[in-house]
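Examination of the molecular architecture
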Amino acid sequence: MKVLVAVKRVIDYNVKIRVKADHSDVDLTNVKMAMNPFCEIAVEEAVRLKERGVATEVVAVTIGPKAAQEQLRTALALGADRAIHVETEERVESLAAAKLLAKVVEEEQPGLVILGKQAIDTDNNQTGQMLAALAGLPQGTFASEVVVEGDKLQVTREIDGGLQTVSLSLPAIVTTDLRLNEPRYAKLPDIMKAKKKPLDVKSPADLGVEVTSKLTLLKVESPAERKGGIKVGSVDELVDKLKNEAKVI
Amino acid sequence: MSILVLAEHHDGQLAGATAHVVAAAKAIGGDIDVLVAGENVGAVAEAAAKLDGVSKVRVADNAVYAHQLAEPMGALLAELADGYSHVLAAATTTGKNVLPRVAALKDVSQLSEIVEVVDADTFKRPIYAGNAIATVQSADSLKVITVRSTGFDAVGEGNSAAIESVDTVVENRQSAFVKQELAQSDRPELAAAKVVISGGRGMGSGENFKLLDGIADKLGAAIGASRAAVDAGFVPNDMQVGQTGKIVAPELYIAVGISGAIQHLAGMKDSKVIVAINKDEEAPIFQVADYGLVGDLFEILPELESKL
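Residues numbered from 1 in each chain as written. Chains lettered and ligands numbered in written order. Predicted model: local features only at pLDDT ≥ 70, side-chain atom pairs only at ≥ 80, totals over all residues.

Per an unreviewed UniProt entry, chain B goes by the name Electron transfer flavoprotein subunit alpha/FixB family protein and belongs to Billgrantia desiderata. Quoted straight from UniProt, the Sequence similarities (unreviewed entry) entry for chain B says "Belongs to the ETF alpha-subunit/FixB family." (UniProt positions renumbered as here; feature names shortened; annotations may be inferred.)

An unreviewed UniProt entry annotates chain A as Electron transfer flavoprotein subunit beta originating from Billgrantia desiderata. Taken verbatim from the UniProt record of chain A, the Sequence similarities (unreviewed entry) comment is "Belongs to the ETF beta-subunit/FixA family."

Written as structure tokens, this is what we have:
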């Protein structure tokens, strides 16, 4: 079974973001970028499926600017066999990303597609579900366990308050939650080898998809600053403040 | 304008999140219909009809909608969406699972987790884990939106809206429910709790998290943890509050032995009142805390428990 895994280049999750002075967006100049953490989990799951003999080939795909090839090379170093880069400098919203991925799915015919549940930049949590709808496939979102059983896929999902298990027909779309696995680190020899693995570059036009959106980003602001409060001197004072001043207990 | 709100329900009961979504719909303005889809959901529909501002409740009661699987729910909503200007759902795991399918089937974008309605086309939503707030305008004829409950005060329950049934039945051969295991805790869920008490690396061990139990019991609190505590193996991943864990905004958040990394702050800084207990008075958590108490948590926690 071929597994397609989608990855996104985002700001590193440890970086404190800054809003641009003109409030047009977040400032990404000279900021450390990395693979979205949920996408790392997606790559890890695909590679583990291959190590278990369930997957025969792992194909990594990304949509984004030239520099996003770094994240594809990371996926290749972690164990993906080849990569596809849909190159565009445009801002790609979830719906357009899902349309592009649906075309890649049509061309590649994977048995399983794994994506992160959300990217930590726009926090949309949409692309996997949209891809599933466009490709006419079932979805197992927020997965904490994925088991292939013949032509079915059992996905355990993290839902509010607990876990839900669903059985899906294959091919299917899975989006990863935090507990699915702990991603490995790439080893130096694998990073070297990854440089020689095949990486195809396509444009949205090659796939016949227009990257447009009816959403306009009007403004980006910093959230209201939380101002530090006071230090209390004792537990008694804390309990008193919570009861009588904040009135929350 | 007319708005369709997807009701959130579990175990035959309307979930509280729905009243917050109806509040967001009221802020947009227009007629508000609520869709209750599931199996044996009569009681849910009756509860939804009481919500202020609702014109009518539409009920799709069929086995295919049991457990609200994404595939049939997406197809149902896509069919019912025609004629509405907005489709809204709570940004819960159900809403997040279903709504993007609806948007894709209708070839429109989705706005996720809005926290404010500017006007009927324009909304504010947090990005970068709440470290920035984006104002986004949609030119789509149908707006598909998930609503973060903490952004809108719930509507009241003085209404008696009409209830009508929807006979649309879709097929689903792609997915099937297998089982559900809901946490058997007497404690509230992290994301919905009014009070959250979280421990960090300063707790020292998983065993020491028991020190939080008594306080959580007395306050009816959920127990969370920082990523550092999870990474140290003290507690499981599902307790993690932070950018890559759960985002919480309770009335009261108590951070114990948590230094206050950006990662963690992103998950809790919208809490109404924050208390920090830490031995390091320079810890960044104190910069966001309303009440800080510097000291040894192993002395403070038992004392706090006894005085609540």
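From this point, things continue past the structure.
For chain B, the count of helices and strands is eight helices and 18 strands. The globule rule puts the C-alpha radius of gyration for 308 residues at 19 Å, and the 21 Å found for chain B is close to it. By the burial criterion, 59% of the 308 residues in chain B qualify as buried. Counted over contacts in chain B with a minimum sequence separation of 6, partners at least 24 positions apart contribute 66%. (Helix = DSSP H or I, 4+ residues; strand = E, 2+ residues; numbered from the N terminus. Rg over C-alpha atoms; globule rule 2.2 N^0.38 Å. Buried ≥ 20, exposed ≤ 12 C-beta atoms within 10 Å, placed from the backbone. Contact = placed C-beta atoms within 7 Å.)

Residues and elements named next belong to chain B. Within the fold, glycine 38 resides in strand 4 (residues 31-38). Take glycine 38: there are 23 C-beta atoms within 10 Å of it, and that puts it in the buried class. The spacing of glycine 38 and leucine 265 is 227 residues in sequence and 37 Å in space, taken between C-alpha atoms. Not counting residues up to four positions away in its chain, the partners in contact with glycine 38 are His9, Val44, Asp61, Tyr65, Ala66 and Gln68.

Once that is clear, we can look at the sheet that holds strand 8 (residues 152-159) of chain A. Read from one edge to the other, the open sheet built from ten strands follows the order 11(A)-5(A)-4(A)-1(A)-6(A)-10(A)-7(A)-8(A)-9(A)-13(B), with strand pairing classed as mixed. Edge positions in the open sheet fall to strand 11 (199-202) of chain A together with strand 13 (175-182) of chain B, since each of these has one partner strand only. The mean angle between the axes of side-by-side strands here comes to 25°, regardless of whether they run parallel or antiparallel. Here strand 4 (residues 57-64) of chain A runs beside strand 5 (residues 82-87) of chain A; their pairing, made up of six bridges, is parallel. (Pairing = 2+ DSSP bridges. Axes fitted to C-alpha atoms, helices over the stretch in contact; angles between N-to-C directions.)

Contact residues are listed per partner, giving 65 residues for chain A and 73 residues for chain B. Of all the secondary-structure elements, those providing two or more residues to the side of chain A that touches chain B are helix 3 (94-108), helix 4 (127-135), strand 7 (139-149), strand 8, strand 9 (162-169), strand 12 (215-221), strand 13 (230-232) and helix 6 (235-245) of chain A. For the side of chain A that touches chain B, the leading source of residues is strand 9 of chain A, giving eight residues. Looking at side-chain class alone, the side of chain A that touches chain B contains 32 nonpolar, 20 polar and 13 charged residues. Looking at chain direction, strand 13 of chain A and strand 18 (residues 291-294) of chain B are connected through three bridges and run parallel. Paired with A:Ile230 across the two strands is B:Tyr291, which belongs to strand 18 of chain B. (Nonpolar A, V, L, I, M, F, W, Y, C, P; charged D, E, K, R; others polar.)

Our next topic: the nonpolar core. Core analysis: the biggest nonpolar cluster contains 197 residues, and A:Val5, A:Ala60, B:Val5 and B:Ala48 have the highest contact counts within it. For this core, the element with the most residues is helix 3 of chain A, which contributes nine residues. When neighbours within four sequence positions are excluded, B:Val5 is seen to be in contact with B:Thr18, B:Val21, B:Val22, B:Ala25, B:Ile32, B:Val34, B:Leu35 and B:Leu88. (Core = buried A, V, L, I, M, F, W, Y, C linked by C-beta atoms within 7 Å.)

Contact pair helix 6 of chain A / helix 8 (residues 297-307) of chain B: the axes reach a minimum separation of 10 Å and the direction vectors enclose 45°. Classified by the angle their axes make, helix 6 of chain A and helix 8 of chain B are oblique. Seen along the crossing, helix 6 of chain A lies across helix 8 of chain B with a hand that is right-handed. Contact residues: helix 6 of chain A offers A:Val235, A:Asp236 and A:Val239, while helix 8 of chain B offers B:Ile300, B:Glu303, B:Leu304 and B:Lys307. (Parallel < 35°, antiparallel > 145°, perpendicular 65-115°, else oblique. Left-handed = near helix turned anticlockwise from the far one by under 90°.)

Residues and elements named next belong to chain B. Those residues of helix 5 (residues 210-219) not exposed but buried are Leu211, Leu212, Ile215, Ala216 and Leu219. Within helix 5, the buried residues cover an arc of 125° as seen down the axis, which keeps them to one side. Buried residues belonging to helix 5 abut strand 14 (195-199), strand 15 (222-225), strand 16 (252-256) and helix 8. Phi turns positive one or two residues past the end of helix 5, at glycine 220, with a value near 65°. (Arc of directions from axis to C-beta.)

Turning to the environment of B:Leu80, a few remarks are in order. Residue and element names in this part refer to chain B. Note that leucine 80 resides in helix 3 (residues 70-80). Judged by the 20 C-beta atoms lying within 10 Å of it, leucine 80 falls in the buried class. Once the C-alpha coordinates of leucine 80 and valine 118 are considered, the two residues, 38 residues apart in sequence, prove to be 26 Å apart. Discounting chain neighbours no more than four positions away, the residues touching leucine 80 are Leu4, Leu35, Val166 and Thr168.

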